[in-house]
Amino acid sequence: DQQVKQNSPSLSVQEGRISILNCDYTNSMFDYFLWYKKYPAEGPTFLISISSIKDKNEDGRFTVFLNKSAKHLSLHIVPSQPGDSAVYFCAASGEDYGGSQGNLIFGKGTKLSVKP
Amino acid sequence: NAGVTQTPKFRILKIGQSMTLQCTQDMNHNYMYWYRQDPGMGLKLIYYSVGAGITDKGEVPNGYNVSRSTTEDFPLRLELAAPSQTSVYFCASSYKGTLKQFFGPGTRLTVL
């Protein structure tokens, strides 16, 4: 039973436009969320995170929005660049899933392709 | 800093063989993790450690063993390889009390 869902396996966007990647979760006890980016043949790298006490966090071209009532978060990339082409994983943490040990639960990922 | 390093990068095993996947980090992180990623799937936690001498099971521990004798090293042992263990294995580490994990480049393992 997936607790973190990324329902779109892939997304294609034109360079310069906005990319919106979505993530849904089922456990209302999750209190911290992260996005990771992964290039082929490399390990995931941390991109941006958000605590459940916030509804938005920005870092340059990347913004994460959290809607707790809908159990939904999204990652916005503006403007999208070809170098953003990668797989993006959403991850969540909560005390009942080992959050105090730093444990994360990952979604299946969304492959973003940004076309020049 | 090299960050998190993993060896080997690739390995092919026969059913029933054993091997150890190596993981080392030079960031003095307390916490270390082993994940596996199957095609089209997210990362699943195999084992984790919150410090030297302390390990615990994650979501999918069966068929694996770990040890943590030093802060830097966290090897993952497969005793009797099975085709179901064909996967990409990632090691990660983090500072105590944070959720930002740093990942190694992965080991691609095939069991035939």
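Whatever comes next refers back to the structure up there.
Before going into details, it helps to say that this report is about the structure given with it. Keep in mind the model is a prediction, meaning the values are calculated, not measured.

So, the state of the cysteines
Residue and element names in this part refer to chain A. Applying the stated rule across the entire model yields two disulfides over all chains. For C23, the disulfide goes to C90, at an S-S distance of 2.1 Å. When the S-S torsion is -75 degrees, as for the bridge of C23 with C90, the disulfide is left-handed. One end of the pair, C23, is in strand β3 (residues 19-25); the other, C90, is in strand β9 (residues 86-93), with 67 residues separating them in the sequence. A single burial state applies to C23 and to C90, both of which are buried.

What about the packing of aromatic side chains?
Given two aromatic rings, one states the distance between the centres and the angle between the planes to describe the pair. Scanning the entire structure with this criterion turns up twelve aromatic pairs over all chains. Between the aromatic rings of Y25 of chain A and F30 of chain A, the centroid separation amounts to 6.2 Å while the plane-to-plane angle is 55 degrees, which identifies the pairing as tilted. As far as the burial class goes, Y25 of chain A and F30 of chain A line up, both buried. Between F89 of chain A and F106 of chain A, the ring centres sit 6.5 Å apart and the planes meet at 85 degrees, which makes this aromatic pair edge-to-face. Pair noted here: F89 of chain A is in strand β9 and F106 of chain A is in strand β10 (residues 105-106), with a separation of 17 residues, a long-range link. Taken as a pair, F89 of chain A and F106 of chain A share a single burial class, namely buried. An aromatic cluster is present here, built from Y36, F46, F89 and F106 of chain A together with Y33, Y35, F90 and F103 of chain B joined pairwise through their rings. Over the ring of F74 of chain B we find R68 of chain B, and its NZ or CZ is 6.0 Å from the ring centre.

Observations regarding unusual backbone geometry
Put simply, V78 of chain A and P79 of chain A share a cis peptide bond, and its omega is -15 degrees. Position of P79 of chain A among the secondary structure elements: in the loop between β8 (72-77) and β9. Cis geometry marks the peptide bond from T7 of chain B to P8 of chain B; its omega dihedral reads -5 degrees. With respect to the helices, strands and loops of the structure, P8 of chain B is situated in the loop between β1 (4-7) and β2 (10-13). Of note in this structure, N28 of chain B is not a glycine but carries a positive phi near 60 degrees.

A look at the pairing of strand β6 (residues 56-59) of chain A
Residue and element names in this part refer to chain A. In this sheet, strand β7 (residues 62-67) lies alongside β6 in antiparallel orientation, the contact comprising four bridges. By the bridge assignment, K56 is partnered in β7 with F65. Remark: two residues form the turn of the hairpin made by β6 and β7, two consecutive strands paired antiparallel; G60 in that turn has positive phi of roughly 65 degrees.

Conventions we followed
- Residues numbered from 1 in each chain as written.
- Chains lettered and ligands numbered in written order.
- Predicted model: local features only at pLDDT ≥ 70, side-chain atom pairs only at ≥ 80, totals over all residues.
- Heavy atoms only, no water.
- Disulfide = S-S within 2.5 Å.
- Helix = DSSP H or I, 4+ residues; strand = E, 2+ residues; numbered from the N terminus.
- Buried < 20%, exposed > 50% of the residue type's maximum accessible area, 1.4 Å probe, protein only.
- Phe/Tyr/Trp six-rings, centres within 6.5 Å; stacked < 30°, edge-to-face > 60°.
- Lys NZ or Arg CZ within 6 Å of the ring centre and 35° of its normal.
- Pairing = 2+ DSSP bridges.

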